[in-house]
Amino acid sequence: MTLTSLSIKNIGHNWLRTILTVVGTAIAILSFVLIRTTLSAWEAGVDNAAQDRLSTIHRVTFVMPLPKRYFDEFNGARGRIDGVDVATFVNWVGHKHPVRETEFFATLAVDTATYFDVYPEMSVAPDRLAAWKENRQGAIIGEALAKQFGWSLGDEVTLLGTIYPGDWKYRIEGIYVATKKSVDRAQFLTHWSYLNDSLPEGQRDMIGWVASTVTDASRAADISAAIDTKFDDQDVQTRTMSEKALTMEFLGGASAILGALDIVSLVIMGIMMLILGNTIAMGVRERTHEYGVLLALGFRPKHIATFVVGEGLTIGLLGGGLGLLISYPLVEQGMGRWLEENMGAYFPYFSIPTSVAALALGMAVVLAGVAALVPAYSASKLDVITALRRIG
Amino acid sequence: MVPVRYNVRNLLVRRTTTLFAALGVGLVVFVLAASLMLNEGLARTLDRSGSPATAIVLRKGSDSEMPSSVEDRAISLIKVAPGVKQGADGQPMVLGESVVVLFQDLANGKGKSNATLRGMPLDRVQAFRPEVKIVEGRMAAPGSDEVVVGTRVVGRFEGLQIGQSIELRKARAVKVVGVFEADGSSFESEIWGDVEYIRSAFGREASVSSVRVKLDSPAAYDAFEVAVERDKQLGLEVMPELEFYSKQSENTSMFIVAMGSLIAVFFSIGAMIGAMITMYGSVAHRKREIGVLRALGFSRSAIMVSFLLESVMLSIIGAVLGTIAALGMGLVEFSMLNFTTFSEITFQFTATPEILVRAIVFGGVMGVLGGFLPAIRAARTPPIEAMRG
């Protein structure tokens, strides 16, 4: 019998405790994976945001609009910008569901002629698209939103205005599906011209932002600078950047929460180490007599220490493995699918990254090893006589 | 009943495992207490911003000041509504403010976030918000391009030190001339300047975001509300200021509490298993002692109570440690985006006696649940067999 196999056999010494420890470790790993996956799902928004699509917004505050004529400088009506392929404009409308007011979704008033050219990853059947363009009170909605509120083609829908007061009536003319996961599948897209015509004189001809695709993503920074220079001597200055850069900046506001979650994921590792350390320390105490026997048989203190650490590593590996095994069905299949379906706007991707899985397993094993160090050290310092004399 | 001293001594004898298990419970209690304190801090900061007998008028359907707009001609109607208090200067106490958020670089270099810029008639601030005190520099002059910044945002964003300026649009910058304190309210997370200068910089002349009104007494509220909301053409909505601010924290607060509780419950399963391991170990070790106790005439239930008590003591030690650590968080400032207003708000972890008691009780319950099965095993130990070893 080798030392390793003896070490593994030893974990059967107290079955109940081993099982409890493994389960405790597994739950800690499950929590760790859950938190880490949430964090990376959040950041996945950045990784998947387009680098070849630019957003042009008000320079100092995204709540203030731009004059509509700025858009004409993009599409050829007044001019063109070198390197810009297609452009569209969007206005945030901020409607609410009349009854389920707390369920947030994005209502956007868009330029019907160009919107879907700039966002090719949102796909609509050509006949539905044509029908939408025809009906100025028409709306195209995301599949997730249709499911959420049980809306289907041809439905008449009344939404509640917040920024633009009143009741707004629309007819669902189309439903788009996302061909990339980074797309918000819960948008409600309406005609900008319909909104504009409904507004009082003084508020007309304003847009939220311009979105444009560039022919060459590597020139995105230069093109952005060129756009901003163009409007620099106007009343309202602009700020243009890639969708990716914009998303990254927005994460700045959430950094405190992300930081807190980060710390919390380390706390659970601390709890796990305490459970493991506790178990190993108790095992060592109970087996002092056995270690005495081993020492008397001629094993060296380092063998005893290896023995204790080996046991810790085995339990850590078992717990970590079990934790990952339950994480996949629970976090990825259960929760992840649910979040992608219902909260796609925040979590377009929710699956466990390989790096998180590897980190979790690694942490379980390493922390188990560390937790075993102190008991291992004290076990290796045992004196044969006292160890043999000690019972329990 | 078995003397409590017996349990205390036992915990002391096995101090390493006691400490390990207690710390596990402590960490869970820490997470729970910290999230409750965070929520309390947010609620208090916003609550302090509102005062009784003050109403806020917004455009109907607006959740916050930012998307709202109230035309100047509506303000003159509000001024003559019933119940409006007259100030010392004989003017009605009505304050129209323009609120925008500025997307600014964070001073820590971690991207950008939204800072609230509030434009107001600066000469009337003192009458409306007497708690506001300038702690550095001086007050911004009415009608000028000067601004003062709250103590909580000075270091949070780039460009907010005294003497620096922020460009609102080309050749329209605001200069920081002072830093103010506002009794720990959310105003301390804002930048204040002159309403005319700010609204014209954004091309929003002739309207403001919100109107605050001091009333003669809280009892005058109903009549005031009816009078302002009666005119459907204006499309306005009136709310008591206190209620407005508690609504502002609703979403964010729900998020913090839900996340904190979810994590605490998850983690507590782990920590309970830790306590269970310790208690099972303890029971196994003391089989002989339990036999002796039984032989001395202690009943099964006395044994069970004794072990449960020990488990609860163990977890209370942890809970107290965790709570003390959470109290330490009281020194930490936390900045986050308020989901309702889309702007940053900075606040402190705030402890209340209720939160501390709740955290410790939670720890105690973990002890009861974790110690239950081991205590049953202890109670079921047959005395004769146990004493034989």
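Since the structure is predicted, the reported quantities are computational estimates derived from the model, not experimental observations.

Participant: Sorry, what's going on with the overall build of chain B here?
Facilitator: If you tally the helices and strands in chain B, you get 12 helices and 14 strands. Computed over C-alpha atoms, the radius of gyration of chain B comes to 29 Å, more than 25% over the 21 Å expected from 2.2 N^0.38 for 389 residues, which places it beyond the range of a compact globule. With respect to the three principal axes, the spread of C-alpha positions in chain B is 95 × 45 × 30 Å. For chain B, buried positions account for 51% of its 389 residues. For chain B, the share of sequence-separated contacts (at least 6 apart) that also reach a separation of at least 24 residues comes to 82%.

Participant: Can you help me understand the packing of helix α10 (residues 255-286) of chain A against helix α8 (residues 250-285) of chain B in this one?
Facilitator: Following both chains from N to C, one finds α10(A) and α8(B) inclined at 10°, their axes separated by 10 Å at the closest point. Considering their axes alone, α10(A) and α8(B) lie roughly parallel with respect to each other. Side by side, α10(A) and α8(B) meet where Val264(A), Ile268(A), Ile271(A), Met272(A), Leu274(A), Ile275(A), Asn278(A), Thr279(A) and Met282(A) of the first sit next to Ile263(B), Phe267(B), Gly270(B), Ala271(B), Ile273(B), Gly274(B), Ile277(B), Thr278(B) and Gly281(B) of the second. Residues belonging to the contact of α10(A) with α8(B) are distributed by class as follows: 12 nonpolar, six polar and no charged.

Participant: How should I be thinking about the pairing of strand β12 (residues 238-242) of chain A in this particular structure?
Facilitator: The side chains of a regular strand alternate between the sheet's two faces. All names here are of chain A. For β12, a buried count of four out of five residues is recorded, marking the element as mostly surrounded by other parts of the structure. Here strand β1 (residues 53-58) runs beside β12; their pairing, made up of five bridges, is antiparallel. Paired with Ser55 across the two strands is Met241, which belongs to β12.

Participant: Any chance you could explain the packing of α8(B) against helix α10 (residues 300-328) of chain B here in plain terms?
Facilitator: The relative placement of two packed helices is expressed as an angle between their axes plus a distance between the axes. Residues and elements named next belong to chain B. One way to put it is that α8 packs onto α10 with a least axis distance of 11 Å and a crossing angle of 140°. Relative to α10, α8 is oriented oblique. α8 and α10 meet at a crossing whose hand is right-handed. Contacts from Ala275, Thr278, Met279 and Val283 in α8 reach Phe307, Ser311, Leu314 and Ser315 in α10.

Participant: Would you mind showing me how to read the interface of chain B and chain A here?
Facilitator: Often the size quoted for an interface is simply the accessible area lost on bringing the parts together. The interface of chain B with chain A comprises 51 residues on the first partner and 45 residues on the second. When contributions to the side of chain B that touches chain A are tallied by element, the ones reaching two or more residues are α2 (15-49), β3 (94-105), β4 (112-120), β7 (165-169), α8 and β13 (333-338) of chain B. It is α8(B) that contributes the most residues to the side of chain B that touches chain A, 14 residues altogether. Broken down by class, the residue content of the side of chain B that touches chain A amounts to 27 nonpolar, 15 polar and nine charged.

Participant: I keep staring at unusual backbone geometry and nothing clicks. Help me out?
Facilitator: What is expected of a backbone is that most residues other than glycine have negative phi and most peptide bonds are trans. Residues and elements named next belong to chain B. Even without glycine at this site, Ala53 takes up a positive phi of about 60°. One can find Ala53 in the loop between α2 and β1 (54-59). Located in the positive-phi region is Ala206, a residue other than glycine, with phi close to 70°. Within the secondary structure, Ala206 sits in the loop between α5 (195-201) and β10 (207-208).

Participant: Sorry, what's going on with the nonpolar core here?
Facilitator: What tends to happen in soluble globular proteins is that the nonpolar side chains get buried as a cluster. If you look at the biggest cluster of nonpolar residues, it comprises 213 residues, and the most contacted ones within it are Val33(A), Ile271(A), Val28(B), Val31(B), Ala33(B) and Val57(B). Per-element tally for this core: the top contributor is α2(B), with 20 residues. The residues touching Val33(A), leaving out its near neighbours within four places in the chain, are Ser327(A), Val331(A), Ile352(A), Val356(A), Ala357(A) and Ala360(A). With seven residues, the next largest nonpolar core counts Leu54(A), Ala220(A), Ile223(A) and Ile227(A) among its residues.

Participant: Looking at this structure, how should I read the environment of Ser200(B)?
Facilitator: When you line up the elements, Ser200(B) lands in helix α5. Spatially, the C-alpha atom of Ser200(B) lies 18 Å from that of Val176(B), the residues being 24 residues apart in sequence.

Participant: Help me understand the confidence of the model for chain B in this model?
Facilitator: Interpreting fine coordinate detail is not advised for predicted regions of low pLDDT. Averaged over every residue, the pLDDT of chain B is 89; the share at 70 or more is 100%. Two summary scores accompany this predicted model of the complex, namely pTM at 0.81 and ipTM at 0.78.

Participant: Is there a simple way to explain the environment of Arg59(A) in this structure?
Facilitator: All names here are of chain A. Looking at the secondary structure, you find Arg59 in the loop between β1 and β2 (66-67). According to the C-beta neighbour criterion, Arg59 is buried, with 22 such atoms within 10 Å. Distance in space between the C-alpha atoms of Arg59 and Glu156 is 38 Å, their sequence separation being 97 residues. Residue contacts for Arg59: discarding those within four places in its chain leaves Gln237, Thr238 and Arg239.

Participant: What is the right way to read helix α2 (residues 15-48) of chain A from this model?
Facilitator: Quick reminder: α-helices carry 3.6 residues per turn. Residues three or four places apart thus point the same way. Over its 34 residues, α2(A) runs 47 Å from end to end, which matches the ideal 50 Å to within 8%, given 1.5 Å per residue. In α2(A), a bend of some 30° at Trp42(A) exceeds every other bend along the element.

Analysis parameters
- Residues numbered from 1 in each chain as written.
- Chains lettered and ligands numbered in written order.
- Predicted model: local features only at pLDDT ≥ 70, side-chain atom pairs only at ≥ 80, totals over all residues.
- Helix = DSSP H or I, 4+ residues; strand = E, 2+ residues; numbered from the N terminus.
- Rg over C-alpha atoms; globule rule 2.2 N^0.38 Å.
- Buried ≥ 20, exposed ≤ 12 C-beta atoms within 10 Å, placed from the backbone.
- Contact = placed C-beta atoms within 7 Å.
- Axes fitted to C-alpha atoms, helices over the stretch in contact; angles between N-to-C directions.
- Parallel < 35°, antiparallel > 145°, perpendicular 65-115°, else oblique.
- Nonpolar A, V, L, I, M, F, W, Y, C, P; charged D, E, K, R; others polar.
- Pairing = 2+ DSSP bridges.
- Left-handed = near helix turned anticlockwise from the far one by under 90°.
- Core = buried A, V, L, I, M, F, W, Y, C linked by C-beta atoms within 7 Å.
- pLDDT = per-residue confidence, 0-100.
- Expected span 1.5 Å × (residues − 1).
- Bend = angle between axes of the 7 residues up to and from the residue.

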